[in-house]
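# What the coordinates show
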Amino acid sequence: MSNSFPQSLLVIGSGNMAGAMLRGWFARGLDPASVTVVDPSPRELPEGVRHLTTIDAGISAPDWLLLGIKPQMLRDVAPHLATLDLSNTLLVSMLAGVEIAGLRAAVPGVGAIARIMPNMAIGIGQSVTALFAETLDQAERDRIETLFAMLGTAEWLDDESQMHVVTALSGSGPAYLFRFLDALAKGAITLGMPEDQAARLALGMVRGSAELVLQSAETPAQLAERVASPAGTTRAALHVFDADDALDRLVADAMAAAAKRSVELGQ
Ligand SMILES: NC(=O)c1ccc[n+]([C@@H]2O[C@H](COP(=O)([O-])OP(=O)(O)OC[C@H]3O[C@@H](n4cnc5c(N)ncnc54)[C@H](OP(=O)(O)O)[C@@H]3O)[C@@H](O)[C@H]2O)c1
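Because the structure is predicted, anything quoted here is derived from the model rather than measured. (Residues numbered from 1 in each chain as written. Predicted model: local features only at pLDDT ≥ 70, side-chain atom pairs only at ≥ 80, totals over all residues. Heavy atoms only, no water.)

### Overview of the overall build of the protein chain
As a reminder of what qualifies: Strands are runs of DSSP state E lasting at least two residues, helices are runs of H or I lasting at least four, and both sets are numbered from the N terminus onward. When a residue's accessible area, from a 1.4 Å probe over protein chains only, is under 20% of the maximum for its type it is buried; when over 50% it is exposed; and in between it is partly exposed. Contacts are assigned to residue pairs with any non-hydrogen atoms lying within 4.5 Å of each other. Only the protein chains shown count as cover for residues, and the accessible areas themselves come from Shrake-Rupley with a 1.4 Å probe.
Within the protein chain one finds ten helices and eight strands. Projected onto its principal axes, the C-alpha positions of the protein chain cover 70 × 35 × 35 Å. Sorting the 267 residues of the protein chain into buried and exposed places 39% on the buried side. Long-range contacts, defined here as pairs at least 24 residues apart, represent 59% of the contacts in the protein chain between residues at least 6 apart. Put simply, the protein chain shows about 15,000 Å² of open surface, and 57% of that area lies on carbon and sulfur atoms.

### Quick look at helix H2 (residues 74-81)
Quick note on the threshold: Starting at the helix axis, one direction is taken to each C-beta atom, and the arc is that of these directions.
Of the positions making up H2, those classed as buried are Leu74, Val77, Ala78 and Leu81. Buried residues of H2, viewed axially, fall in a sector of 110°; they line one side. Turned more than 90 degrees away from the buried face of H2 sit Arg75 and Pro79, all of them exposed. Buried-residue contacts for H2 involve strand E1 (9-12), strand E4 (64-67) and helix H3 (100-106).

### Quick notes on the site of the ligand
Put simply, the rule reads: Near is defined per residue: the residue qualifies when any heavy atom it owns lies within 4 Å of the molecule or strand. Two N or O atoms form a polar contact when they lie within 3.5 Å of each other; inside protein one atom must be a possible hydrogen donor and the other a possible acceptor, and for residues adjacent in sequence the pair counts only when both atoms belong to side chains. Note on residue categories: nonpolar means Ala, Val, Leu, Ile, Met, Phe, Trp, Tyr, Cys or Pro, charged means Asp, Glu, Lys or Arg, and polar means any other residue, Gly included.
Surrounding the ligand, one finds 22 residues, the nearest of these being Asn16, Met17, Asp39, Ser41 and Ile69. Here Met17 contributes a backbone N or O atom positioned 2.8 Å from an oxygen atom of the ligand. Out of a free accessible area of 890 Å², the ligand has 76% covered by protein chains. Taken together, the residues that form the shell around the ligand break down as 13 nonpolar, six polar and three charged.

### Remarks on a nonpolar patch on the surface
So the rule is basically this: What makes a patch is a set of residues exposed beyond 30% relative accessible area and free of salt bridges, joined within 9 Å when like-charged and within 5 Å when nonpolar (Val, Leu, Ile, Met, Phe, Trp, Tyr). Every case where a carboxyl oxygen of Asp or Glu lies within 4 Å of a side-chain nitrogen of Lys or Arg is listed as a salt bridge.
Taken together, the side chains of Met120, Leu177 and Phe178 make up a nonpolar region of the molecular surface, amounting to roughly 340 Å² of accessible area. A residue is classified by how much of its surface remains accessible, and Met120, at 58% relative accessible area, is exposed.

### As for the packing of helix H5 (residues 162-171) against helix H10 (residues 246-265)
Describing two packed helices takes the angle between their axes plus the distance from one axis to the other. Test applied: Here an axis means a line fitted to C-alpha atoms, over the contact stretch when the element is a helix, while the angle between two N-to-C directions is reported on a 0 to 180 degree scale. For classification purposes, an angle smaller than 35 degrees is called roughly parallel, one larger than 145 roughly antiparallel, one from 65 to 115 roughly perpendicular, and anything else oblique. Each crossing is labelled by how the near helix is turned from the far one, with a counterclockwise turn of less than a right angle marking it left-handed and a clockwise turn marking it right-handed.
Two elements in contact, H5 and H10, have axes separated by 8 Å at closest approach and are oriented at 130°. It follows that H5 is oblique to H10 by the angle criterion. When you trace H5 past H10, the crossing you get is right-handed. From H5, His164, Thr167, Ala168 and Leu169 reach across to H10, where they touch Met255, Ala258, Ala259, Ser262 and Val263. Residue composition of the contact of H5 with H10, grouped by class: six nonpolar, three polar and no charged.

### A word on unusual backbone geometry
Notably, Ala231 is not glycine yet its phi reads approximately 55°, a positive angle. The topology assignment puts Ala231 in the loop between helix H8 (220-227) and helix H9 (233-242).

### Describing the pairing of strand E2 (residues 35-38)
Let me state the cut-off plainly: Any two strands with at least two DSSP bridges between them are considered paired.
Here E2 shows two buried faces, one formed by Val35 and Val37 and the other by Thr36 and Val38. Note that E1 and E2 share four bridges and pair parallel. When the sheet's bridge partners are listed, Leu10 is paired in E2 with Thr36. Pairing between E2 and strand E3 (residues 50-52): three bridges, direction parallel. For Val37, the partnering residue across the bridge sits in E3 and is His51.

### Thoughts on the environment of Leu45
Residue placement: Leu45 occurs in the loop between E2 and E3. Through-space distance from the C-alpha of Leu45 to that of Arg115 is 24 Å; in sequence the pair is 70 residues apart. Sequence-distant contacts of Leu45, defined by excluding residues within four places in its chain, comprise Leu22, Val37 and His51.

### Regarding the packing of H5 against helix H6 (residues 173-190)
Running from amino to carboxyl end, H5 crosses H6 at an angle of 30°, the nearest separation of the two axes being 5 Å. Contact residues: H5 offers Ala168, Leu169, Ser170 and Gly171, while H6 offers Gly173, Pro174 and Tyr176. Along the lines of polarity and charge, the residues of the contact of H5 with H6 split into four nonpolar, three polar and no charged.

### Notes on the confidence of the model for the protein chain
This is how it is decided: Per residue, pLDDT captures the predictor's confidence, and it can take any value from 0 to 100.
Mean pLDDT over the protein chain: 96, with 99% of residues reaching 70 or higher. In the predicted complex, the global pTM is 0.96; the interface-specific ipTM is 0.98.

### Details of the sheet that holds E2
Note on sheets: strands pair through backbone hydrogen bonds, and any given pair is parallel or antiparallel. Pairing within the open sheet is mixed, and its eight strands lie in the order E3-E2-E1-E4-E5-E6-E7-E8. Because the sheet does not close on itself, it has two edges, and the strands there are E3 and strand E8 (152-156). Across the sheet, the mean angle separating the axes of adjacent strands is 20° when strand polarity is ignored. The sheet strands contacting helix H4 (residues 138-149) are E4, strand E5 (90-93), strand E6 (112-117), strand E7 (127-133) and E8, and the helix crosses E8 at an angle near 150°.

This is how it looks when you write it as structure tokens:
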């Protein structure tokens, strides 16, 4: 068992993300008896975890408080958190958009605050998780990094405003890929392929291509050029992507909308 796990962990909101994190940590040795989950309807919890449906003033001071609610819920939850002694607690927030200053205003009594931005692949131990904190000592930063690196990779941001960018890139990003995969399969169906075969070939191609980028010394743009034979089929398709920078502009616009929404969620 890793000695990086908090002595006691209080989780407020254990849905898709916090639930997946907990499952990953339990699989790596987190003691269920050290965990209290507050959630009206949490995802499956192992035996030994203390489960409450509301924040109870009797909850003893936790080492870590993991905030896994939606950003819009913070206003409702914060007054209940004020009933707890959090003076020596590290608040770890995964809330999109809500900055340290907003968290500090909502939970003024908390000892320290760190922000994380994971993604859905945390459920299979392959999240890229961005971390940000202002005033933590090195030992605490190392502990946070160790715990999130258990669930994929973890890297610190120097500037909090980058959290909006990370949210638009790797936080929301799995949805973009899922939609692109879907669009590829739909395109093949339109060209006459059976649905199940289109979905299978699209997914296999994406998987192999991602692995190829990982194993290659070349950039994705260079690899694209290697796929495209002169005057061949790929070039014909890339011309459609590149006309008026259509693909780059579409993706940039989508990411700008996500980053803008992240800023709004923090207000
Ligand atoms: N999903 C992602 O890919 C992703 C990625 C990065 C960051 N995030 C962030 O992670 C957070 C959670 O997202 P999610 O997708 O895991 O949402 P989710 O599945 O809806 O999880 C939120 C959980 O909080 C519970 N809850 C609602 N009100 C509560 C209260 N007053 N006290 C305690 N628990 C309460 C919900 O219960 P009910 O279902 O009964 O309402 C639900 O189980 C968000 O802040 C989001 O910005 C999400």
